[in-house]
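Tertiary structure, described
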Amino acid sequence: MLSILGGLLLVAGAAFLVLAGLGLVRMPDVLNRIQAGTKATTLGTLLTLGGFACLRPDWALKLLLIALFILLTNPLSSQVLAHAAHRAGARQTPLANRVDRLAEDRGDAS
Amino acid sequence: MDSNRSTSAKPELPIGFLPLFATLLLLWILLHGSLSLQVLAIGIPAALAIAWLFRDGLSFVTDFRFRSTEALRAAPRFLLFFFKSLVIANIALARVVLSPKLPIDPGIVKARTRLKSRMGRLLLANAITLTPGTLTVKLDGEWIYIHCVRVAATDIEGATAEILAGFERYLEVMYG
């Protein structure tokens with residue numbers, strides 16, 4: 001029973017990781033790619049770890065630790081990457097009514 | 001009272017040191033799953049050194065209000081709300097990525113947080129990053145810059161404030 005649940009979780013995790021990859025390819029600019037990458041890889045990895053925990057219950061504690069690290073570091077690194085990309089002036093999708101409060105506040109008119 | 005006395009006796013010990021040391025040592029012991037002498041002989045000096053180097057850094061317990069029972073009750077509710085948002089975020093993202101037209105309308109908006117503590121703000125920023133269509137780009141004092149996959153056509157600021165309020169409700173009680 002537990003092994004079936006574990007297998008299902010692994011498949012679900014893998015599916016979200018595939019979506020993350022698809023998002024990286026399909027999204028038009030850096031910031032949107034980071035969005036797709038962060039969310040889907042976080043949930044995908046967590047589900048995969050959960051699946052492993054069901055298959056090998058004796059590993060559960062260590063897997064939980066890994067999950068905790070990922071949960072904390074994944075969004076943080078995305079933030080830093082996003083900020084760096086924005087500062088370096090990464091190309092963003094041109095749109096008529098684009099809002100970019102960060103650029104406004106920093107005072108780059110260009 | 002007791003904590004007051006100990007801090008005045010040793011004024012050079014920074015507040016962040018002990019919680020960080022305890023957290024690191026606990027993680028180390030959990031990672032090894034044993035309390036043998038060898039494990040501790042490596043773990044304690046390493047944890048001491050890291051805690052000293054990063055004594056002004058943050059850990060989970062920094063600013064957490066252990067005294068208040070409300071804070072202890074809010075923590076699991078925050079986690080539940082967080083995971084719910086994470087799942088919703090992923091389903092929303094899956095729909096965007098899989099739809100042929102790629103319905104996005106990105107932009108960076110700005111929001112102000114009520115939270116005062118550093119750890120509260122950090123957790124808020126992390127939570128925003130993992131929730132539907134939003135990504136924290138910069139944390140600057142009480143201002144948070146958020147990249148949105150789809151910017152609301154009208155009332156941008158109101159829509160973002162709503163996202164913040166969902167998490168702030170819990171974090172305000174937990175960290176202040």
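In this text, all values refer to a predicted model and were calculated from it rather than measured experimentally. (Residues numbered from 1 in each chain as written. Chains lettered and ligands numbered in written order. Predicted model: local features only at pLDDT ≥ 70, side-chain atom pairs only at ≥ 80, totals over all residues. Heavy atoms only, no water.)

1. Topic: the overall build of chain B
Definition in use: Helix numbers and strand numbers start at the N terminus; a helix is a DSSP run of H or I with at least 4 residues, a strand a run of E with at least 2. Type-normalised accessible area, obtained with a 1.4 Å probe on protein chains alone, sets the label of each residue: buried when under 20%, exposed when over 50%, and partly exposed for intermediate values. Should any heavy atoms of two residues lie within 4.5 Å, those residues are counted as being in contact. Shrake-Rupley sampling with a 1.4 Å probe provides the accessible areas, and residues are treated as covered by the protein chains on show and by no other component.
Within chain B, the regular secondary structure consists of 6 helices and 3 strands. Mapped from its N terminus to its C terminus, chain B presents α and β elements in the order α-α-α-α-β-α-β-β-α. Scored against the burial criterion, the 176 residues of chain B give a buried share of 41%. Across chain B, contacts joining residues at least 24 apart in sequence account for 71% of those joining residues at least 6 apart. By element, 66% of the accessible surface of chain B is carried by carbon and sulfur atoms, the whole surface being about 9,900 Å².

2. Focus on the nonpolar core
Selection rule: Nine residue types can take part in a nonpolar core, namely buried Ala, Val, Leu, Ile, Met, Phe, Trp, Tyr and Cys, and a core is a set of them joined through side-chain atoms within 4.5 Å.
Counting 39 residues, the largest nonpolar core has Leu124, Ile146, Phe167, Leu171, Met174 and Tyr175 of chain B as its most contacted members. Sorting the residues of this core by element identifies α1 (2-26), α2 (30-55) and α3 (60-87) of chain A together with α4 (69-98), β1 (107-112), α5 (118-129), β3 (143-148) and α6 (156-174) of chain B as the ones contributing at least two each. In contact with Phe167 of chain B, not counting residues within four places along its chain, are Phe78, Phe81, Phe82, Ser85, Leu124, Ala127 and Thr131 of chain B. Ranked by size, the runner-up nonpolar core spans 10 residues in total, among them Ala36 of chain A together with Val97, Ile104 and Val149 of chain B.

3. Considering a nonpolar patch on the surface
Rule in force here: Only residues whose relative accessible area exceeds 30% and that take part in no salt bridge are eligible for patches, with like-charged residues grouped when within 9 Å of each other and nonpolar side chains (Val, Leu, Ile, Met, Phe, Trp, Tyr) grouped when within 5 Å. In the sections that follow, a salt bridge refers to a side-chain nitrogen of Lys or Arg positioned within 4 Å of a carboxyl oxygen of Asp or Glu.
Together, Met1, Ile4 and Leu8 of chain A line one region of the surface with nonpolar side chains, adding up to about 390 Å² of accessible area. In this structure, Leu8 of chain A sits in helix α1.

4. Comments concerning the side chain of Thr42 of chain A
For the record, the criterion: Side-chain atoms alone can form a polar contact between residues adjacent in sequence; in general such a contact is a pair of N or O atoms within 3.5 Å, and within protein one must be able to donate a hydrogen while the other accepts it.
Position of Thr42 of chain A relative to the elements: it lies in helix α2. Note on Thr42 of chain A: relative accessible area 0%, which makes it buried. At 2.6 Å, the side chain of Thr42 of chain A and the backbone oxygen of Thr38 of chain A are in polar contact. Filtering out sequence-adjacent residues up to four positions away, Thr42 of chain A remains in contact with Leu71 and Asn74 of chain A together with Leu86 and Leu130 of chain B.

5. Some points on the interface of chain B and chain A
For clarity, the cut-off: Here the quantity called buried area is the accessible surface, traced with a 1.4 Å probe, that two parts lose on coming together, added over both.
Facing 44 residues of chain B, the contacting portion of chain A comprises 41 residues. Summed over both sides, the interface of chain B with chain A buries roughly 3,800 Å², with 71% coming from carbon and sulfur. Applying the counting rule to chain B against chain A returns 0 salt bridges. Counting across the chain B and chain A interface gives 12 residue pairs in polar contact (both at pLDDT 80 or more). Put simply, the parts of the chain that give the side of chain B that touches chain A at least two residues each are α2 (17-32), α4, β1, α5, β2 (134-140), β3 and α6 of chain B. Sorting elements by how many residues they give to the side of chain B that touches chain A places α4 of chain B first, with 11 residues.

6. Quick notes on the pairing of β3 of chain B
Residues and elements named next belong to chain B. Worth spelling out the cut-off: For two strands to count as paired, DSSP must find a minimum of two bridges between them.
Of all 6 residues in β3, 5 are buried; the element is thus mostly enclosed. With 6 bridges connecting them, β1 and β3 associate as antiparallel partners. The residue bridging Ala111 from the neighbouring strand is Ile144, located in β3. Bridge analysis of β2 against β3 gives 6 bridges, and the strand direction is antiparallel. Following the sheet pairing, Lys138 is matched in β3 by Tyr145. The antiparallel pairing of β2 with β3 creates a hairpin that spans 2 residues between the two strands, and Gly141 there sits at a positive phi of about 65°.

7. A few points about the confidence of the model for chain A
For clarity, the threshold we go by: As a per-residue quantity, pLDDT reports the predictor's confidence and falls between 0 and 100.
Confidence in the prediction of chain A, expressed as mean pLDDT, is 83, and 85% of residues score 70 or more. Averaged pLDDT values for the elements of chain A fall to 70 in helix α4 (residues 101-106) of chain A and rise to 91 in α1 of chain A.

8. Considerations on the sheet that holds β1 of chain B
Residue and element names in this part refer to chain B. The condition is simple: Here the axes come from fitting lines to C-alpha atoms, over the contacting stretch only for helices, and the angles between their N-to-C directions go from 0 to 180 degrees.
Reading across from one edge, β1-β3-β2 is the order of the 3 strands in this open sheet, with antiparallel pairing throughout. If you trace the sheet from one side to the other, it starts and ends with β1 and β2, each paired once. Direction aside, neighbouring strands of the sheet carry axes that sit 25° apart on average. The strands touched by α5 within the sheet are β2 and β3, with β2 carrying the most contacts at an inclination of about 155°.

9. Considering the environment of Pro75 of chain A
Take Pro75 of chain A: it is sitting in helix α3. Taking the C-alpha atoms as reference, Pro75 of chain A lies 9.8 Å from Ile34 of chain A; in sequence the two are 41 residues apart. Discounting chain neighbours no more than four positions away, the residues touching Pro75 of chain A are Thr38 and Ile70 of chain A together with Asn126, Thr129 and Leu130 of chain B.

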